[in-house]
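Report on the structure
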Amino acid sequence: MALPKGILKKMVKLNYPAVALDYPYKKDGDSTVLHDPQGYALYTGTGFLLVWREVIDKMPKPIFRTDLAWDTRIQKHKLVMWPRDVSKIKTYGLHDINFGLTMWTNGMPIMVAAPAGQRKLIALGPKNTNNGAHIIRTISKVGIDNITKTDNEEEKLKWMAALSQVKTVEIMDHIPEDIEYIEGQAHLKDGTETII
Amino acid sequence: MRIGVIFPSRGLAFSRTCEELLDNLENLDYEIYFAHGLPIPECFNRPVEAALKDKKNTHFFFVEDDMILPKNLLIKLLAEKVPAIACDYPLTKDGKASILRTPDGTAIYGGTGCLLVTRKFIESYKRPIFRTDIAWDVHEGETLEMTPRKINGNAYGLHDITFSLLAPNPIKASRVRCGQRKLIELGAQATNTGQHDIESWTDLKIDKLKKIKETNKNVILSDGTMAFMDLKRARVLEEKGLVKIPKMAYVTLMHNEVLEEIC
């Protein structure tokens, strides 16, 4: 992480059950936070997260889990998310999304305090020299709600446009009836197009 | 007492080293002075100069970003109450020691991986405190004769050897030993099991100069004059307080214009 100076003190001062930072995870312009229409986080990254002890104590255990992935669709001003069992497949992350959604569904959404950055190791420095510094790049431009993992600009714009229309959020505990999975990807059973 | 921790880093630090350092600093008054991605010797000079500016700092604890620090190490080093004390650690997997010692155990020179010094000790150095433009030619004569030589261009280390050899007081080699971590391979990206492959080197072969066999010795008589006599006789006289046997010197810094410049 690349942290703004004094940020922990500011987060403590907010006196809120869970406070996180928003930061790009892969490159400048993407984000780890998905906001609800009220501005709270549906989920955040766990890069710099401050949580009250009472919250941690009351969380279902294990606190962090990676066996559930969440798919999302936006339809008629509503953002819907549902879980999918991924316990049998290799995954990356998910612990943060599960944590955030547990907080949100329990009426205690994570508050986002500030933007931050992330450091990326570009190359290890050479060995056995006095000038062996590693090459490290900091990404720090946050594209609000750009949680799409795509490099396709058109897809990204489609997502952002749909998201801007969202007025309500529903977190489901099962896969919707009209959704089917083809090669691990969610599709509407009737074949109509939607943002998923 | 306040510890100025000098933590030079190539840009990454082993998280276990950080954990061990913070564990050692628990309940002590301290401030950490980082250096990120600077070459040697700037990665030592910049944080140590910053630490020296804060007059509250009474001791300076150098810890490199790849060290294995035993529990309670710092407390043990402070308890020695000496101007400078260093921990030995392996430079290679098979245990090549970072400290070269005299037969009586004093460090001739050592690494800067884990080193505690007092303010008075470090303030006595000419600036820059750490330098890499001097190499030392070694000749084994009656003592270890070390001759400084200016070098230009790429070097690896050297800051620690010059720092040790120009020390105002001998650096004590602590009985506490450290280890060193080595990154063998970076972990895989974009996976939940992306931990790095890190080796811990803890085997250490102590490196000591061989004892120099002496039969005769210069001794100091009670009137301050010197006399050359049989060592056994000198020891008997010393017990009676009639002569003083000077401490044996194992290393001689050979005088030349480079030594004059750096001392």
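Residues numbered from 1 in each chain as written. Chains lettered and ligands numbered in written order. Predicted model: local features only at pLDDT ≥ 70, side-chain atom pairs only at ≥ 80, totals over all residues.

On to the overall build of chain A, then. Of regular secondary structure, chain A possesses four helices and twelve strands. Each principal axis of the C-alpha distribution contributes one length, and for chain A these read about 65 × 40 × 35 Å. Within chain A, buried positions represent 21% of all 196 residues. (Helix = DSSP H or I, 4+ residues; strand = E, 2+ residues; numbered from the N terminus. Buried ≥ 20, exposed ≤ 12 C-beta atoms within 10 Å, placed from the backbone.)

A tally of helices and strands in chain B yields seven helices and 18 strands. Counting only C-alpha atoms, chain B reaches 75 × 45 × 40 Å along its principal axes. Per-residue burial over chain B gives 33% buried out of 263 residues.

Attention shifts here to the domain arrangement of chain B. Under the domain assignment, chain B is made up of domain 1 (3-137 + 151-209) and domain 2 (216-247). Relative to domain 2 of chain B, the C-alpha centre of domain 1 of chain B lies at a distance of 40 Å. (Domains from an automatic or database assignment.)

Our focus in this paragraph is the pairing of strand 5 (residues 84-88) of chain B. Looking down a regular strand, the side chains alternate between one sheet face and the other. Residues and elements named next belong to chain B. A large share of strand 5 lies buried, amounting to five of its five residues. Residue alternation in strand 5 divides its side chains into two sets, Ala84, Ala86 and Asp88 and Ile85 and Cys87, and both sets are buried. Examined bridge by bridge, strand 5 and strand 11 (residues 171-177) share three bridges and lie parallel to one another. The partner of Ile85 across the bridge, within strand 11, is Lys172. (Pairing = 2+ DSSP bridges.)

All right, on to the sheet that holds strand 6 (residues 96-101) of chain B then. All names here are of chain B. The nine strands are arranged 2-1-3-8-5-11-7-6-14 in an open sheet whose pairing can be described as mixed. Since the sheet does not close on itself, it has two edges, and those belong to strand 2 (30-36) and strand 14 (205-208), each with one partner. Averaged over all pairs of adjacent strands, the angle between their axes in this sheet comes to 35°, without regard to strand direction. As defined by bridge partners, strand 1 (residues 3-9) adjoins strand 2 across seven bridges and the pair is classed as parallel. (Axes fitted to C-alpha atoms, helices over the stretch in contact; angles between N-to-C directions.)

This brings us to the interface of chain A and chain B. Interfaces are often sized by the amount of accessible area the parts lose when they come together. Each side of the interface is counted separately: chain A has 14 residues, and chain B has 14 residues. For the side of chain A that touches chain B, the residue count by class is four nonpolar, nine polar and one charged. (Contact = placed C-beta atoms within 7 Å. Nonpolar A, V, L, I, M, F, W, Y, C, P; charged D, E, K, R; others polar.)

Grouped together as the largest cluster of nonpolar side chains are 49 residues, with contacts concentrated most on Ile6, Phe60, Phe61, Val63, Leu69, Ala86 and Cys114 of chain B. In this structure Phe60 of chain B touches Gly4, Ile6, Val48, Ala51, Val117 and Ile122 of chain B, once residues within four positions along its chain are discounted. Membership of the second largest hydrophobic core comes to 27 residues, among which are Ala41, Tyr43, Val142 and Ile147 of chain A. (Core = buried A, V, L, I, M, F, W, Y, C linked by C-beta atoms within 7 Å.)

Time to look at helix 3 (residues 95-105) of chain A. Residues and elements named next belong to chain A. Counting buried positions over the eleven residues of helix 3 gives eight, a clear majority of the element. For helix 3, the set of buried residues is Asp96, Ile97, Asn98, Phe99, Gly100, Leu101, Met103 and Trp104. Of the surrounding elements, those touching the buried residues of helix 3 are strand 1 (18-22), strand 3 (41-43), strand 5 (68-75) and strand 10 (168-171).

Moving on, we come to the environment of Phe64 of chain A. Residues and elements named next belong to chain A. With respect to the secondary-structure elements, Phe64 resides in the loop between helix 2 (53-58) and strand 5. Owing to 13 C-beta atoms within 10 Å, Phe64 belongs among the partly exposed residues under this scheme. C-alpha separation for the pair Phe64 and Glu177, spaced 113 residues apart in sequence, amounts to 28 Å. Among residues more than four places away in sequence, those in contact with Phe64 are His95 and Phe99.

As a further point, take unusual backbone geometry. Lys61 of chain A connects to Pro62 of chain A through a cis peptide bond whose omega is 0°. Note that Pro62 of chain A resides in the loop between helix 2 and strand 5. Cis geometry is found at the peptide bond from Ile40 of chain B to Pro41 of chain B, where omega equals 10°. Of note, Pro41 of chain B is situated in the loop between strand 2 and helix 2 (42-53). Its identity as a non-glycine residue notwithstanding, Lys76 of chain A has a phi of 50°, on the positive side. Along the polypeptide, Lys76 of chain A turns up in the loop between strand 5 and strand 6 (78-85). When the 10 C-beta atoms within 10 Å are taken as the criterion, Lys76 of chain A is described as exposed.

All names here are of chain A. In this fold, Glu170 is placed in strand 10. For Glu170, a count of 10 C-beta atoms within 10 Å translates into the label exposed. Along the sequence, Glu170 and Ile136 sit 34 residues apart, while their C-alpha atoms lie 40 Å from each other. Among all residues touching Glu170, those that are not within four sequence positions of it are Lys78 and Val80.

All right, on to the sheet that holds strand 13 (residues 197-201) of chain B then. Spatially, the three strands line up as an open sheet ordered 4-12-13 (chain B), and their pairing is antiparallel. In the strand order of this sheet, the two ends are held by strand 4 (67-68) and strand 13 of chain B, each with one partner.

Quick look at the environment of Thr91 of chain A now. Within the element layout of this structure, Thr91 of chain A appears in the loop between strand 6 and helix 3. Taking the C-beta count within 10 Å as the criterion, Thr91 of chain A has 14 such neighbours and is therefore assigned partly exposed. The contact partners of Thr91 of chain A, leaving out residues within four places of it in the chain, are Thr66, Ala69 and Val86 of chain A together with Asn192 of chain B.

This paragraph deals with the confidence of the model for chain B. When pLDDT is averaged along chain B, the result is 91, and 96% of the positions lie at 70 or above. This prediction of the complex comes with two scores: 0.89 for pTM and 0.88 for ipTM. (pLDDT = per-residue confidence, 0-100.)

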